[in-house]
Each structure stands twice: as C-alpha cells, then as structure tokens.
Amino acid sequence: MEITSKDGNMVVDFYPVKNWDGKLISNRMLKVLSFKGDTQKKILISRDEFYYQVREYIKDCKYRVTSEYMPAQFVALEA
C-alpha cells in the first residue's frame, strides 16, 4: 500500500513480508519511507502498528492512498 503526503514529497509504502522459503510472516509488515523519491528508512513493524499508522497518516496527517498494490517482500529475520 502506498500513501502520499498532500504535497507529494513524502511517500510511505507498506508491504507484507515473507521469508526466503516464500512463507508469509503474518504478524510483520515492511514500512518504507521515501522523501522526494529517495528512500530514507526501511523498518519492520507489527501488523497492529501498520493498521494504526495508516489510520493516523490518513486521519491526522491528511495523506491519501495512492496505491493499494502490496506485493510481499523478502526479509531475513534473525532467530
């Protein structure tokens, strides 16, 4: 899912994640922050935090959903 600030400078992408075996990790999401097209930060967040942050970005910060496409991304999680 991609959400974009009112001025279009800040973009936040959220993706489901999977391990190297292709199995979805149901309780984690990848959050990617970009400013003017340059990636600033990538972090793993919980699915609950994902729902909370999307709501806050849209409700309080007036971001808008610009894409609902969410392909799963590979991540390496430490044991």
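Of note, Thr-4 is situated in strand β1 (residues 2-4). On the basis of relative accessible area, Thr-4 is assigned to the buried category, the value being 7%. A distance of 2.9 Å separates a polar atom in the side chain of Thr-4 from a polar atom in the side chain of Thr-66.

A few words now on the pattern of salt bridges. This model, assessed by the stated rule, comprises 1 salt bridge. A salt bridge links Arg-55 to Glu-56; its shortest N-O distance comes to 3.3 Å. A relative accessible area of 42% means that Arg-55 is categorised as partly exposed. Overall, Glu-56 belongs to the buried group, its relative accessible area being 18%.

When you line up the elements, Lys-36 lands in the loop between β3 (24-35) and β4 (38-46). For Lys-36, a relative accessible area of 56% translates into the label exposed. With 32 residues separating them in the primary sequence, Lys-36 and Thr-4 have C-alpha atoms 11 Å apart.

We now examine unusual backbone geometry. Phi at Lys-36 takes a positive value of approximately 50 degrees, unusual for a residue other than glycine. Positive phi outside glycine occurs at Lys-62, with the angle close to 65 degrees. Position of Lys-62 among the secondary structure elements: in the loop between α1 (47-59) and β5 (64-67). With relative accessibility at 49%, the residue Lys-62 sits in the partly exposed group.

Right, let's get into α1. With 13 residues, α1 should reach 18 Å at 1.5 Å per residue; the first-to-last C-alpha distance of 18 Å fits that figure. Within α1, the full set of buried residues consists of Phe-50, Gln-53, Val-54, Glu-56 and Tyr-57. All buried residues of α1 fall inside an arc of 165 degrees around its axis, so they share one side. The outward face of α1, more than 90 degrees from its buried face, is lined by the exposed residues Asp-48 and Lys-59. Tucked inside the fold, the buried residues of α1 contact β1, β2 (10-18), β3 and β4.

Our focus in this paragraph is the pairing of β2. Taking burial as the measure, the 9 residues of β2 include 7 buried ones, the bulk of the element. With 3 bridges connecting them, β1 and β2 associate as antiparallel partners. Looking across to β2, one finds that Thr-4 is bridged to Val-11. Following β1, the chain reverses through 5 residues before pairing antiparallel with β2; Gly-8 in that reversal takes a positive phi of roughly 80 degrees. Sheet analysis places β2 next to β3, joined by 9 bridges and oriented antiparallel. Within β3, the position partnered with Val-11 by the bridge is Ser-34. Between β2 and β3, which follow one another and run antiparallel, lie 5 residues, and Gly-22 among them has a positive phi close to 85 degrees. By the bridge criterion, 2 bridges tie β2 to strand β6 (residues 73-74) in an arrangement that is parallel. Looking across to β6, one finds that Val-17 is bridged to Gln-73.

Cut-offs used in this document
Residues numbered from 1 in each chain as written. Predicted model: local features only at pLDDT ≥ 70, side-chain atom pairs only at ≥ 80, totals over all residues. Heavy atoms only, no water. Helix = DSSP H or I, 4+ residues; strand = E, 2+ residues; numbered from the N terminus. Buried < 20%, exposed > 50% of the residue type's maximum accessible area, 1.4 Å probe, protein only. Polar contact = N/O pair within 3.5 Å; in protein donor to acceptor, adjacent residues only side chain to side chain. Salt bridge = Lys/Arg side-chain N within 4 Å of Asp/Glu carboxyl O. Expected span 1.5 Å × (residues − 1). Arc of directions from axis to C-beta. Contact = heavy atoms within 4.5 Å. Pairing = 2+ DSSP bridges.

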